[in-house]
Amino acid sequence: EFYLTDIVGIACNRDLSTSYALAPEDEVMGVNDRVQLARAESLMQDRLRRKAMLNGATLQAPETVHMSHDTVLGRDVDIEPYVYFGPRVTVADHVVIHAFSHLEDTVIENKASLGPFARIRPGSYIGAKAKIGNFVELKKANIGDGAKVSHLSYIGDAEVGADANIGAGTITCNYDGAEKHRTVIEDDAFIGSDSQLCDADGDDLSYEITVAGCRNCHHSEHVGHGWQHDSSIRDERPDEGTGALDL
């Protein structure tokens with residue numbers, strides 16, 4: 001093992017000429033323990049935040065925002081305190097990201113709104129003017145333009161169409177114990193509060209569906225077009241090919 005400072009003595013012993021160059025300490029500092037690693041990370045974060053702000057992003061409390069080396073922020077983006085950008089996050093212009101949100105491997109389009117307390121897991125896409133509200137988690141989810149997932153929801157392995165509305169407490173249940181299945185919610189769909197969308201066979205949930213306050217909307221119930229609610233048949237299975245569910 002050789003130390004960098006040993007090269008001067010080695011060169012002199014071999015009658016080689018030596019020279020030196022001046023550099024900022026921050027560029028050549030050693031990282032030999034966790035304390036020095038933390039200092040190097042802090043210096044890098046300061047550079048990334050400064051670059052983002054000079055390029056037109058607003059960081060309301062810069063020292064609380066964590067960025068990755070490849071974070072891309074558009075112009076007039078507004079970042080509230082305590083936001084974490086993991087790897088591979090791209091944010092377009094005029095996006096608002098509220099406090100205490102965590103993002104990884106995602107693309108957010110123009111004028112979308114996110115958080116507070118939102119978690120965006122890898123493989124997600126948020127369309128223009130979409131709203132992802134407080135305590136919402138996305139994973140491998142494509143959220144269409146203008147769609148809203150406003151409160152306390154989990155949307156994973158799913159497609160949500162443009163201008164769809166996902167009510168509070170909605171979750172996608174698309175793991176059957178062996179495989180994951182994609183849930184598709186089409187344009188203009190309205191999913192009521194406290195809904196569980198179980199779609200193990202991968203059928204689409206149409207824009208015509210209105211599910212208001214339904215606790216369990218299983219694929220086995222054939223949620224589709226033209227259903228009418230009747231409390232007397234709540235526990236009966238529907239005929240094949242029936243349609244909209246209105247509760």
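Everything below is about the structure shown above.
Residues numbered from 1 in each chain as written. Predicted model: local features only at pLDDT ≥ 70, side-chain atom pairs only at ≥ 80, totals over all residues. Heavy atoms only, no water.

Chemist: What exactly am I supposed to notice about the overall build of the protein chain here?
Modeler: Scanning the protein chain from N- to C-terminus turns up three helices and 23 strands. By residue count, 37% of the 247 residues in the protein chain fall in the buried class. For the protein chain, the share of sequence-separated contacts (at least 6 apart) that also reach a separation of at least 24 residues comes to 12%. Accessible surface, the protein chain: about 14200 Å² in total, of which carbon and sulfur atoms supply 50%. (Helix = DSSP H or I, 4+ residues; strand = E, 2+ residues; numbered from the N terminus. Buried < 20%, exposed > 50% of the residue type's maximum accessible area, 1.4 Å probe, protein only. Contact = heavy atoms within 4.5 Å. Areas by Shrake-Rupley, 256 points an atom, 1.4 Å probe, with all protein chains shown as cover.)

Chemist: Just to check I follow, could you spell out a nonpolar patch on the surface for this structure?
Modeler: Judged by side-chain polarity, Y82, F100, F117, F135 and L152 come together as a nonpolar surface patch covering roughly 540 Å² of accessible area. Structurally, L152 can be placed in the loop between β14 (148-151) and β15 (154-160). For L152, a relative accessible area of 52% translates into the label exposed. (Patch = residues over 30% accessible without salt bridge, like charges linked within 9 Å, V, L, I, M, F, W, Y side chains within 5 Å. Salt bridge = Lys/Arg side-chain N within 4 Å of Asp/Glu carboxyl O.)

Chemist: Sorry if this is basic, but what is going on with the nonpolar core here?
Modeler: Soluble globular proteins tend to pack their nonpolar side chains together in the buried interior. Counting 39 residues, the largest nonpolar core has F85, I97, I132 and I143 as its most contacted members. If you list the elements that add at least two residues to this core, you get α3 (34-54), β5 (89-91), β13 (137-143) and β15. Excluding residues that lie within four positions of it along the chain, I143 makes contacts with Y125, I126, G127, A130, I132, L138, V149, I155 and V160. (Core = buried A, V, L, I, M, F, W, Y, C linked by side-chain atoms within 4.5 Å.)

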